[in-house]
Amino acid sequence: MDNDNEAVSMKESRRRERQSGPGRYTSHDVEALDNPDTDIGLCGWLLVGLSVLMMLVTLPISIWMCIKIVKEYERAIIFRLGRILRGGAKGPGLFFILPCTDNFINVDMRTITFDIPPQEVLTKDSVTVSVDGVVYYRVQNATLAVANITNADAATRLLAQTTLRNVLGTKNLAEILSDREEIAHSMQSTLDDATDDWGIKVERVEIKDVKLPLQLQRAMAAEAEASREARAKVIAAEGEMNASRALKEASLVISESPSALQLRYLQTLNTIAAEKNSTIIFPLPLEMMQSLMKR
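Residues numbered from 1 in each chain as written. Predicted model: local features only at pLDDT ≥ 70, side-chain atom pairs only at ≥ 80, totals over all residues. Heavy atoms only, no water.

**Considerations on the sheet that holds strand S6 (residues 112–122)**
As summarised here, the arrangement of the 3 strands in space is S6-S7-S8, forming an open sheet in which the pairing is antiparallel. Two strands lie at the open edges of the sheet, namely S6 and strand S8 (200–211), each paired on one side alone. On average, each strand axis in the sheet is inclined to that of its neighbour by 25°, with strand direction left out of account. Here strand S7 (residues 128–139) pairs with S8 via 10 bridges, running antiparallel. The residue bridging Val131 from the neighbouring strand is Val210, located in S8. Sitting on the sheet, helix H8 (residues 180–194) touches S6, S7 and S8, and the angle it makes with S8 is about 145°. (Pairing = 2+ DSSP bridges. Helix = DSSP H or I, 4+ residues; strand = E, 2+ residues; numbered from the N terminus. Axes fitted to C-alpha atoms, helices over the stretch in contact; angles between N-to-C directions. Contact = heavy atoms within 4.5 Å.)

Right, dumping it as structure tokens:
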């Protein structure tokens, strides 16, 4: 429990450090982006008033320039004299702008997918592998995605590549091949935490393919083949040992009863006759052969 609390506190401290860095918005600035902010100065109010007057004079023609429509999956960030308008993102549906002082940017809120190009990574056990993946993300806060970063999509793509390299650099080859889900979860957590200030939510990360060098593939195949051959030899040796024990027990049983050997002869003849009818075998007792050899 203490370790979990420490991890949470470390994440919060890193997030505060990122927010307080140069060129970034603090927590108060982020709140100000979504809260009403009408401090545009006297000149600003004069320009807004002039724009409203021109709109009223040119009615109803100007109405087509003032009413805009955004789709269900989009949000509009309105800038009035360079400042984000009160209320944050607008949409979906109709919204109203002033033609001379306002401009807006549409932000797509749908989930976006992109492939991580194959990355040449040196693993912890000094093996070079080529790994690629796929990332699913969406814009969670349109205001932050516009105000805090120039191009959220390009930044997320570059960050995904570097994160993939950093995460795989701490793993050995066996872990990369077997723990793909853990690696993907670690990447997703790292990306989601890093893109939080950009209004980006990383929903899923998947490792697509792990490509090994051709020489390493041959070496691993030879190792696997040698391991299989070794197991096969061990299994064959164990079978021979069990068979020899069974033959030993059978010989002891036959030695106790001389007639059992004759029955075995008959059983062998029956088996041969069933398979090879043209072959005729005459069993000779060993005692007869010994008597002939003595003569």
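**Here we look at unusual backbone geometry**
Residue Leu59 is joined to Pro60 through a cis peptide bond whose omega torsion reads 0°. Positioned with a positive phi, Ser126 is a non-glycine residue whose angle comes to about 60°. Counting through the fold element by element, Ser126 comes out in the loop between S6 and S7.

**Remarks on the confidence of the model for the protein**
Scored by pLDDT, the protein comes out at a mean of 79, with 78% of its residues at no less than 70. The low-confidence segment residues 17–32 (pLDDT under 50) makes 15 contacts with residues lying over four places distant or belonging to another chain. (pLDDT = per-residue confidence, 0-100.)

**What about the sheet that holds strand S2 (residues 74–80)?**
The 3 strands are arranged S3-S2-S5 in an open sheet whose pairing can be described as antiparallel. Every other strand in the sheet has two partners, leaving strand S3 (83–84) and strand S5 (102–108) as the edge strands with one partner each. Taken together, the 2 bridges between S2 and S3 define a ladder with antiparallel strand orientation. Residue Phe79 lies in a different strand from S3, and its bridge partner there is Ile84.

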